[in-house]
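One letter stands for each residue in the lines below.
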Amino acid sequence: MEMSTVSRRYGRLDDDDREVEITVHQWDDEPGWTRIAGLPVTYDYSADEVPAGADRWTTWDDSLASERGPAPYPDWLVTELGAVDYELGVLKTGKEADVHLIRREVPDTGRSCLLAAKRYRDERHRQFHRSAVYQEGRRTRKTRDARAIRNRSTFGRQLVAGHWARAEFDALKMLCQLGAAVPYPAQIVGTELLMEFVGDEDGAPAPRLAEISTRGARLADLWEQAVELMVGLAAAGYAHGDLSEFNLLVHDERLVVIDLPQLVDVVANPQGPSFLDRDGSTVASWFTRRDFPVDTPALIRTLHQAARIG
């Protein structure tokens, strides 16, 4: 079998935070099949031309099992390795990340799904100024990673963005397993978090709670869902940390919470109880302004009881 050897530069770093080159052996008579550093031969779909109109091959195989959502995977999620992704536009721009709409489909089969791709920026391009407050109680385990973050190297900035993406993925995965009303976390690849798109089949996103016109007694069901959501989080030991009418979606009369990278451990974080109180007060205030009066002190007491804090 004829073989050619090429060197490619990857983003991998050695212990001194320097990029290193990996030698890739590729057989000329089997394009797309590679052996890297003695690992088993695997097929690299990126060696093939992406079908016309698509923006990339599916990234499903770029995620480890621990970087995918809870099993069993939902039937609607496309996991076939021959699938492709189409970029359909930007759903939302934010201080720390932008959310894009993606259609993942298996060509010529009619099988597809819509995904929201949340792409975190590194610290040069993000404005999430209160990061340190939300992260109290969390630790970076690898000393090399901690050093890179402290020194604000290129690798360090990527790690910070990756940490926030991973934090949100882990939060969604945990809450999904608890049965909370959150988007299903499909997978994470670096600083990109792919999750269930909450909206219509034609790509129209669900409205935020702030955007609905419902008032008064007709809000009773949504209020009950909001309380159930906050109490469920508190019972699991967490506060959203930034809950408001702007990160609660209303889809088919169901309340869905989004934007969870700053999920706060109410015990490990010294300011945990104050985040819990703020979440409850902010949501209660919105309902009160919409002519649905609520007992905010009673709600705060309920949240504290659920979280088992004084």
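Because the structure is predicted, anything quoted here is derived from the model rather than measured. (Residues numbered from 1 in each chain as written. Predicted model: local features only at pLDDT ≥ 70, side-chain atom pairs only at ≥ 80, totals over all residues. Heavy atoms only, no water.)

Colleague: Quick question: what am I supposed to make of the overall build of the protein here?
Modeller: If you tally the helices and strands in the protein, you get 6 helices and 14 strands. Looking at the protein as a whole, 44% of its 310 residues qualify as buried. In the protein, once contacts between residues fewer than 6 apart in sequence are set aside, the share between residues at least 24 apart is 61%. (Helix = DSSP H or I, 4+ residues; strand = E, 2+ residues; numbered from the N terminus. Buried < 20%, exposed > 50% of the residue type's maximum accessible area, 1.4 Å probe, protein only. Contact = heavy atoms within 4.5 Å.)

Colleague: What should I look at first to understand the packing of helix α4 (residues 220-235) against helix α6 (residues 296-307) in this one?
Modeller: A pair of packed helices is characterised by two quantities: the angle between their axes and the separation of those axes. Between α4 and α6, the least distance of the axes is 7 Å, while the angle of their chain directions is 35°. Here α4 and α6 pass one another in a crossing that is right-handed. Residues Trp223, Val227, Met230, Val231, Ala234 and Ala235 of α4 lie in contact with α6, whose contacting residues are Leu299, Thr302, Leu303, Ala306 and Ala307. (Axes fitted to C-alpha atoms, helices over the stretch in contact; angles between N-to-C directions. Left-handed = near helix turned anticlockwise from the far one by under 90°.)

Colleague: Before we go on, may I ask you to explain the nonpolar core in this structure?
Modeller: Grouped burial of nonpolar side chains is what soluble globular proteins tend to show. Ranked by internal contacts, the top residues of the largest apolar core, which has 48 residues, are Leu209, Trp223 and Phe287. When near neighbours in sequence (up to four residues on either side) are disregarded, Trp223 contacts Val283, Ala284, Phe287, Phe292, Val294 and Leu299. Among the nonpolar cores identified, the runner-up in size contains 12 residues, and Val78, Ala83, Ile102 and Leu115 belong to it. (Core = buried A, V, L, I, M, F, W, Y, C linked by side-chain atoms within 4.5 Å.)

Colleague: Even after reading the chapter, I still don't get the packing of aromatic side chains, so can you show me in this structure?
Modeller: The geometry of an aromatic ring pair is captured by two quantities: the separation of the ring centres and the angle between the planes. Tallied over the full model, the rule gives 6 aromatic pairs. An angle of 85° between the planes, with centres 6.2 Å apart, marks the rings of Trp76 and Tyr184 as edge-to-face. Taken as a pair, Trp76 in the loop between β5 (56-57) and β6 (84-93) and Tyr184 in the loop between α3 (154-177) and β9 (185-189) lie far apart in primary sequence, 108 residues in all. For Trp76, a relative accessible area of 31% puts it in the partly exposed group. With a relative accessible area of 8%, Tyr184 lands in the buried category. Look at Phe287 and Phe292: their rings are 6.2 Å apart centre to centre, the planes differ by 65°, and that puts the pair in the edge-to-face class. There is no split in this pair, since Phe287 and Phe292 are both buried. An aromatic cluster of at least three residues, connected via ring pairs, comprises Trp223, Trp286, Phe287 and Phe292. (Phe/Tyr/Trp six-rings, centres within 6.5 Å; stacked < 30°, edge-to-face > 60°.)

Colleague: Any chance you could explain unusual backbone geometry here in plain terms?
Modeller: The peptide bond linking Ala71 to Pro72 adopts the cis configuration, its omega dihedral lying at 0°. Tracing the backbone shows Pro72 in the loop between β5 and β6. Positive phi values are uncommon outside glycine, yet Asp108 reaches one of about 65°. With respect to the secondary-structure elements, Asp108 resides in the loop between β7 (97-106) and β8 (111-120). Asp108 gets classed as exposed once you look at its relative accessible area, which sits at 83%.

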